[in-house]
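Breakdown of the fold
So you can see what is in the structure, the chains are spelled out below.
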Amino acid sequence: MDFNMKKLASDAGIFFTRAVQFTEEKFGQAEKTELDAHFENLLTRADSTKNWTEKILRQTEVLLQPNPSARVEEFLYEKLDRKVPSRVTNGELLAQYMAEAASELGPTTPYGKTLIKVAEAEKRLGAAERDFIHTASINFLTPLRNFLEGDWKTISKERRLLQNRRLDLDACKARLKKAKAAEAKATLWNDEVDKAEQELRVAQTEFDRQAEVTRLLLEGISSTHVNHLRCLHEFVESQTTYYAQCYRHMLDLQKQLGSSQGAIFPGTFVGTAEPASPPLSSTSPTTAAATMPVGPSAAGLAPPGEAALHLEEVTPPASGTRKARVLYDYEAADSSELALLADELITVYSLPGMDPDWLIGERGNKKGKVPVTYLELLS
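Residues numbered from 1 in each chain as written. Predicted model: local features only at pLDDT ≥ 70, side-chain atom pairs only at ≥ 80, totals over all residues. Heavy atoms only, no water.

A few points about the overall build of the protein
Within the protein, the secondary structure is distributed over nine helices and five strands. Its helices and strands in sequence order give the protein the pattern α-α-α-α-α-α-α-α-α-β-β-β-β-β, from N to C terminus. Split into buried and exposed, the 379 residues of the protein put 33% on the buried side. Looking at the protein alone, contacts between residues at least 24 apart form 70% of all its contacts between residues at least 6 apart. With the model as given, the accessible surface of the protein reaches about 23200 Å², and the carbon-plus-sulfur share is 58%. (Helix = DSSP H or I, 4+ residues; strand = E, 2+ residues; numbered from the N terminus. Buried < 20%, exposed > 50% of the residue type's maximum accessible area, 1.4 Å probe, protein only. Contact = heavy atoms within 4.5 Å. Areas by Shrake-Rupley, 256 points an atom, 1.4 Å probe, with all protein chains shown as cover.)

Right, here's the structure in full:
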């Protein structure tokens, strides 16, 4: 019991000494041991890493789950170490509504048949989204959380210990300075000076040891950056795969709707050919998303008069022709279209009354309609 009381009194004394030293430093009444420039740079880099990791983590969570209530629910399940219940994605819910609408409005009607086709595509999109969220959570979010909840807490703990060791060191320096000042006035303080010097040596040793431990942890931030870089590459890869799947599903849907549209509205021209996708490895996800071709116009329909276009009678205008570079392979749907190969150069021009999503393309002695979305017009 006496031992515990003495320990509590000792701890209280140390805390009070640190508080006094800290307060006097703030008011400029006490000297402060400064860390070297390299150590300060390590501290700054560690703080920046922690702050930006938190921001990236939070915004990625918003990207993967825009619903704040759902994010709170997932957070609570995670803290309780329980499995998060499976949640229907928005695409899957839309697919369910469309399928139910088709069943009630008539699955054999043109509208009902189209609802069913779109519902199946939305269901596949929802499944792709679910896979992307799962993969991104494991490969990207989990490592970021592990850093903040593991490594960073260890670094913060050691930094607090270093701060305490520094306060103890500076307090010992202050006591030694006072003892020496008193010694100059009275020889009776020799023992106090010896005691203060001994305490200073011990405090210096503890401070140096703690500074080395903290420095090693701070230098480990470089390894953290390497790990986060690898995770970032995996995140981009999963996101690229997700958008590529969405693109493929929508192309398939467009092709299905194009064929059924032609049956419903005979005599119209429908651009439903499927281009070859650009290689994912040679195009950044941002560029691919921005330039990924979709079918000409929402419905892919050309004006009725254009369907009967006789290519042999088409002549280029005296002015207004341009060169264009083909972005993606394109397979002609019929004899009125011109097949394209990626990276080739063709001459293009428009005719009065043409659908703005299409141009006339010429390559040598061949000509035909080409979709604008597959071209890069050159000046």
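Looking at helix α4 (residues 90–105)
An α-helical turn contains 3.6 residues, so any two residues separated by three or four positions project in the same direction. Taking 1.5 Å of rise per residue, the 16 residues of α4 would be expected to cover 22 Å, and the 22 Å separating its terminal C-alpha atoms lies within 8% of that figure. Just downstream of α4, Gly106 is the residue with a positive phi angle, here 120°. (Expected span 1.5 Å × (residues − 1).)

What about the pairing of strand β1 (residues 322–326)?
With four bridges joining them, β1 and strand β2 (residues 345–349) adopt antiparallel strand pairing. Residue Ala324 lies in a different strand from β2, and its bridge partner there is Ile346. Here β1 runs beside strand β5 (residues 375–377); their pairing, made up of three bridges, is antiparallel. The partner of Arg325 across the bridge, within β5, is Glu376. (Pairing = 2+ DSSP bridges.)

Quick look at the nonpolar core
Judged by nonpolar contacts, the single largest core of 34 residues is most densely connected at Phe39, Phe132, Phe140 and Leu218. Secondary-structure elements contributing two or more residues to this core are α2 (37–64), α5 (110–183), α6 (190–219) and α7 (221–264). Here this core takes 16 residues from α5, the largest share from any one element. Non-local contacts of Phe39, meaning those with residues more than four positions away in its chain, are made with Leu162, Ala211, Thr214, Arg215 and Leu218. Counting residues in hydrophobic clusters, the runner-up holds 18 residues, among them Tyr328, Tyr330, Val348 and Tyr374. (Core = buried A, V, L, I, M, F, W, Y, C linked by side-chain atoms within 4.5 Å.)

A look at the packing of aromatic side chains
The full count for this structure, using the stated rule, is seven aromatic pairs. Centre to centre, the rings of Tyr242 and Tyr243 are 5.2 Å apart; their planes meet at 45°, and the pair counts as tilted. Under the relative-accessibility criterion, Tyr242 is labelled buried at 15%. Centroid distance Tyr328 to Tyr374: 6.2 Å. Interplanar angle 90°. Geometry classified as edge-to-face. You can see Tyr328 sitting in the loop between β1 and β2 and its partner Tyr374 sitting in the loop between β4 (366–371) and β5, a full 46 residues away along the chain. Tyr374 matches Tyr328 in its accessibility class, with the two residues each being buried. Three or more aromatic residues joined by ring pairs make a cluster, and in this case those are Phe132, Phe140, Phe235, Tyr242 and Tyr243. (Phe/Tyr/Trp six-rings, centres within 6.5 Å; stacked < 30°, edge-to-face > 60°.)

Quick word on a nonpolar patch on the surface
A grouping of Val88, Leu93 and Tyr97 is seen on the molecular surface, where their side chains present a nonpolar patch of about 280 Å² in accessible area. When you line up the elements, Leu93 lands in helix α4. (Patch = residues over 30% accessible without salt bridge, like charges linked within 9 Å, V, L, I, M, F, W, Y side chains within 5 Å. Salt bridge = Lys/Arg side-chain N within 4 Å of Asp/Glu carboxyl O.)

Observations regarding the sheet that holds β1
Pairing within the open sheet is antiparallel, and its five strands lie in the order β4-β3-β2-β1-β5. The open sheet has two free edges, formed respectively by β4 and β5, since each of these has just one partner strand. Looking at each pair of strands side by side, their axes are set apart by 40° on average, direction ignored. (Axes fitted to C-alpha atoms, helices over the stretch in contact; angles between N-to-C directions.)

A closer look at the confidence of the model for the protein
In this model, the protein carries an average pLDDT of 81, and 75% of its residues clear a pLDDT of 70 or more. The model gives residues 294–307 a pLDDT under 50, and that stretch makes 32 contacts with residues more than four places away or in other chains. (pLDDT = per-residue confidence, 0-100.)

Focus on the pattern of salt bridges
Applying the stated criterion across every chain, the model contains 14 salt bridges. Across the pair Glu219 and Arg215 runs a salt bridge, and its minimum N-O distance is 2.7 Å. One end of the pair, Glu219, and the other, Arg215, are both in helix α6, four residues apart, so they sit about a helical turn from each other. With relative accessibility at 29%, the residue Glu219 sits in the partly exposed group. You can call Arg215 partly exposed: its relative accessible area is 22%. Within the structure, one salt-bridge network assembled from shared partners comprises Arg58, Glu61 and Arg145.

Some words on the side chain of Thr347
Its place among the elements puts Thr347 in strand β2. When sequence neighbours within four positions are dropped, the list of residues in contact with Thr347 reads Thr321, Arg322, Lys323, Ile360, Gly361 and Glu362.

A look at the environment of Ala182
Within the secondary structure, Ala182 sits in helix α5. Classification of Ala182 as buried rests on a relative accessible area of 17%.

Thoughts on α2
Between its first and last C-alpha, α2 extends 40 Å over 28 residues, near the 40 Å set by a 1.5 Å rise per residue. For α2, the set of buried residues is Phe39, Leu42, Leu43, Ala46, Thr49, Lys50, Thr53, Leu57, Thr60, Glu61 and Leu64. The N-cap of α2, judged by a side-chain oxygen 3.1 Å from the amide nitrogen of His38 a few residues on, is Asp36. (Polar contact = N/O pair within 3.5 Å; in protein donor to acceptor, adjacent residues only side chain to side chain.)

Topic: the pairing of β4
As paired strands, strand β3 (residues 358–363) and β4 are joined by six bridges and run antiparallel to one another. Bridge pairing in β4 places Arg363 opposite Lys366. The antiparallel hairpin formed by β3 and β4 contains two residues in its connecting segment, where Gly364 sits at a positive phi of about 65°.

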